[in-house]
Amino acid sequence: MTTLSSSAQGRAPRPGGGFTGRLVGDREDVKRKAPAGVTFIALVAIIVVCGILQPVVFSATGLNLVLSSIVPLVVAALAQMVMMSVGDIDLGIGAFIGTVTTVAATFLSSSPALGILVLAALVAGYGVLAVLVHVRKVPSLIATLGASFIWYGIGLFVLPTPGGDAPKWLLDFAAWTPNSFPVPVIPIVIITAVVWIVMRRSTLGASIRALGSNPLALGRSGISPLRTRVIAYLFVGVLGVVSGLLLSSQIGGGDATSANSYTLVSVAAVILGGGAFTGGRAVAWGCMFGALTLGLVSVLLSLLDLSSNIQPAIQGGIVIAALAGRLAVEKVLK
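- An unreviewed UniProt entry lists the protein under the name Autoinducer 2 import system permease protein LsrD, with Frondihabitans australicus as the source organism.
- Under the UniProt heading Subcellular location (unreviewed entry), the entry covering the protein gives this text: "Cell membrane".

Here it is as structure tokens:
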């Protein structure tokens with residue numbers, strides 16, 4: 001259990017628990033959190049530039065307009081972070097979220113109980129994926145890519161064309177815009193805090209991260225790696241549902257293709273925030289900063305009145321520059 005505790009916390013072993021060991025552990029903590037710090041600085045810089053270009057951005061109304069469309073992306077990135085913490089990548093999260101919007105705009109509006117059952121079945125699908133990946137050794141990239149077509153097909157079956165009506169309580173939440181406070185900050189902070197507590201302050205989170213960093217230690221500690229992966233995947237599914245509901249509240253209905261771009265953007269957000277493809281890392285606040293940064297890049301490019309045709313290329317360049325900054329910081333801290 002000692003080995004699990006050490007690796008699960010994402011820290012280097014501390015020989016003898018002495019002063020040298022504490023220094024090594026503190027240095028590892030700094031290395032883990034440094035990318036999130038770099039991303040936070042980039043986020044602040046983008047907000048300042050946006051505010052200079054359009055001063056209303058610094059007001060509560062402006063922040064409402066800017067952040068409301070980014071909330072679902074933040075939750076999608078947190079879901080991807082959970083998936084990547086076990087060493088897997090979800091290439092179907094965008095299609096899954098799009099499908100959730102179709103369920104929200106149809107079943108959840110007309111028959112809430114049936115809608116909840118359908119959403120629960122979709123989350124259970126993630127549990128099946130976990131078993132497939134773990135027991136049959138199917139690479140997560142292949143399993144989730146295949147699942148993305150299933151999610152997309154279900155979404156089109158439920159709602160062949162964009163439309164429907166989101167539930168009234170979702171629309172009321174989206175329409176709640178007090179003059180003195182940017183409402184989107186509430187779900188962003190609350191959901192990120194919940195994910196942070198689960199992933200960094202609970203035994204379950206330690207097990208999930210241990211599965212990504214040291215699965216052998218997890219097994220030797222008496223915890224089932226299969227059960228841990230299934231729970232992690234179910235957690236991803238729940239976050240995907242939350243993201244889909246928030247997105248449905250933004251667009252007012254459902255669209256199976258509405259979140260296709262989330263898949264790769266969420267991966268980039270996790271990496272910008274301090275995550276790793278190798279698993280074992282879960283930096284929820286850094287992931288939130290990464291998603292906000294990528295979301296605000298689109299706002300910045302719109303304020304600069306750049307052609308929509310060139311925006312994806314510029315977004316890609318900014319992401320590469322941010323990743324290069326992260327690598328430079330990690331190299332300095334070695």
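**Remarks on the overall build of the protein**
Item 1. When helices and strands are counted, the protein shows 16 helices and 0 strands.
Item 2. In the protein, which comprises 334 residues, the proportion classed as buried is 49%.
Item 3. In the protein, the share of contacts with a sequence separation of at least 24, taken over all contacts with a separation of at least 6, comes to 78%.
Item 4. Carbon and sulfur atoms make up 71% of the accessible area of the protein, which totals about 15,000 Å².

**Describing the side chain of Ser-248**
Item 1. Looking at the secondary structure, you find Ser-248 in helix α13 (residues 225-251).
Item 2. In this structure Ser-248 comes out as buried when scored by relative accessible area, which is 0%.
Item 3. Beyond its immediate stretch of four places on either side in the chain, Ser-248 contacts Thr-101, Ala-104, Ala-166 and Gly-253.

**Here's the deal with the layout of surface pockets**
Item 1. The calculated volume of the largest pocket comes to roughly 600 Å³.
Item 2. Lining the largest pocket are 24 residues, and of these Leu-73, Val-265, Leu-294, Ser-298 and Gln-315 lie nearest its centre.
Item 3. When contributions to the lining of the largest pocket are tallied by element, the ones reaching two or more residues are α13, α14 (262-272), α15 (284-303) and α16 (311-333).
Item 4. Counted by class, the lining of the largest pocket contains 15 nonpolar, 9 polar and no charged residues.

**Digging into α14**
Item 1. Within α14, 9 of the 11 residues are buried, which leaves the element mostly enclosed by the surrounding structure.
Item 2. Those residues of α14 lying buried are Tyr-262, Thr-263, Ser-266, Val-267, Ala-268, Ala-269, Val-270, Ile-271 and Leu-272.
Item 3. Looking one or two residues past α14, Gly-274 carries a phi angle of roughly 115 degrees, positive in sign.

**Some words on the pattern of salt bridges**
Item 1. Evaluation of the coordinates by the stated rule reveals 2 salt bridges.
Item 2. Residues Asp-172 and Lys-168 are paired through a salt bridge, measuring 2.8 Å at the closest nitrogen-oxygen approach. Here Lys-168 and Asp-172 lie together in helix α9 (residues 168-175), a separation of 4 residues that amounts to about one turn.
Item 3. Among the residues examined, Asp-172 registers a relative accessible area of 40% and is labelled partly exposed.

**Some details on the packing of aromatic side chains**
Item 1. By the definition in use, this model includes 4 aromatic pairs.
Item 2. For the ring pair Phe-40 and Phe-289, a centre distance of 4.9 Å and an interplane angle of 55 degrees mean the geometry is tilted. You can see Phe-40 sitting in helix α2 (residues 19-53) and its partner Phe-289 sitting in helix α15, a full 249 residues away along the chain.
Item 3. The interplanar angle of 85 degrees and the centroid separation of 4.9 Å between the aromatic rings of Phe-96 and Tyr-126 together place this pair among those described as edge-to-face. With a gap of 30 residues between them, Phe-96 in helix α5 (residues 93-105) and Tyr-126 in helix α7 (residues 112-135) connect regions that are remote in the sequence.

**Considering the confidence of the model for the protein**
Item 1. Confidence along the protein averages 86 in pLDDT terms, with 90% of residues attaining 70 or more.
Item 2. Looking over the protein, one finds the lowest element-wise mean pLDDT in helix α1 (residues 2-8), namely 47, and the highest in α5, namely 97.
Item 3. Below pLDDT 50 for its whole length, residues 5-16 participates in 22 contacts with residues either more than four positions away or in separate chains.

**Thoughts on the packing of helix α4 (residues 71-85) against helix α10 (residues 185-200)**
Item 1. Look at α4 against α10: their axes get within 10 Å of each other, and the N-to-C directions meet at 10 degrees. Taken together, the axis directions place α4 and α10 in an arrangement best described as roughly parallel. Each of Val-71, Val-74, Val-75, Leu-78, Met-81, Val-82 and Ser-85 in α4 lies in contact with α10, whose residues at this interface are Pro-187, Ile-188, Ile-191, Thr-192, Val-195 and Met-199.
Item 2. Along the lines of polarity and charge, the residues of the contact of α4 with α10 split into 11 nonpolar, 2 polar and no charged.

**Describing the packing of α4 against α14**
Packed helix pairs are specified by the crossing angle of their axes together with the interaxial distance, meaning the distance between the axes.
Item 1. Put simply, α4 and α14 touch, their axes get as near as 8 Å, and they point 70 degrees apart. Overall, the two elements α4 and α14 adopt an arrangement that is roughly perpendicular. Relative to α14, the crossing made by α4 is right-handed. In this structure, α4 contributes Pro-72, Leu-73, Ala-76, Ala-77, Gln-80, Met-81 and Met-84 to the contact, and α14 contributes Tyr-262, Thr-263, Val-265, Ser-266, Val-267, Ala-269, Val-270 and Ile-271.
Item 2. In terms of residue class, the contact of α4 with α14 is made up of 12 nonpolar, 3 polar and no charged.

**Focus on the UniProt feature "transmembrane region" (unreviewed entry) in the protein**
Item 1. UniProt feature "transmembrane region" (unreviewed entry): in the numbering of this structure it lies at residues 36-57, 63-82, 89-108, 114-133, 140-161, 181-199, 230-247 and 284-304.
Item 2. The span residues 114-133 shows a helical share of 100% and a strand share of 0%, and its end C-alpha atoms are spaced 29 Å apart.
Item 3. Along residues 181-199, the helical share is 79% and the strand share 0%, with 29 Å between the first and last C-alpha atoms.

**Comments concerning the environment of Asp-255**
Item 1. Position of Asp-255 relative to the elements: it lies in the loop between α13 and α14.
Item 2. In sequence terms Asp-255 and Val-158 are 97 residues apart; their C-alpha atoms lie 9.9 Å from each other.

**A look at the environment of Pro-139**
Item 1. Position of Pro-139 among the secondary structure elements: in the loop between α7 and α8 (140-158).
Item 2. Sequence-wise, Pro-139 and Asp-88 are 51 residues apart; in three dimensions their C-alpha atoms are separated by 8.1 Å.

About the cut-offs
- Residues numbered from 1 in each chain as written.
- Predicted model: local features only at pLDDT ≥ 70, side-chain atom pairs only at ≥ 80, totals over all residues.
- Heavy atoms only, no water.
- UniProt positions renumbered as here; feature names shortened; annotations may be inferred.
- Helix = DSSP H or I, 4+ residues; strand = E, 2+ residues; numbered from the N terminus.
- Buried < 20%, exposed > 50% of the residue type's maximum accessible area, 1.4 Å probe, protein only.
- Contact = heavy atoms within 4.5 Å.
- Areas by Shrake-Rupley, 256 points an atom, 1.4 Å probe, with all protein chains shown as cover.
- 1 Å grid on protein atoms, 1.4 Å probe; cavity = no way out; pocket = protein on both sides within 12 Å on 5 of 7 lines; lining within 4 Å.
- Points joined across faces, edges and corners; volume = space filled by probe spheres on them.
- Nonpolar A, V, L, I, M, F, W, Y, C, P; charged D, E, K, R; others polar.
- Salt bridge = Lys/Arg side-chain N within 4 Å of Asp/Glu carboxyl O.
- Phe/Tyr/Trp six-rings, centres within 6.5 Å; stacked < 30°, edge-to-face > 60°.
- pLDDT = per-residue confidence, 0-100.
- Axes fitted to C-alpha atoms, helices over the stretch in contact; angles between N-to-C directions.
- Parallel < 35°, antiparallel > 145°, perpendicular 65-115°, else oblique.
- Left-handed = near helix turned anticlockwise from the far one by under 90°.

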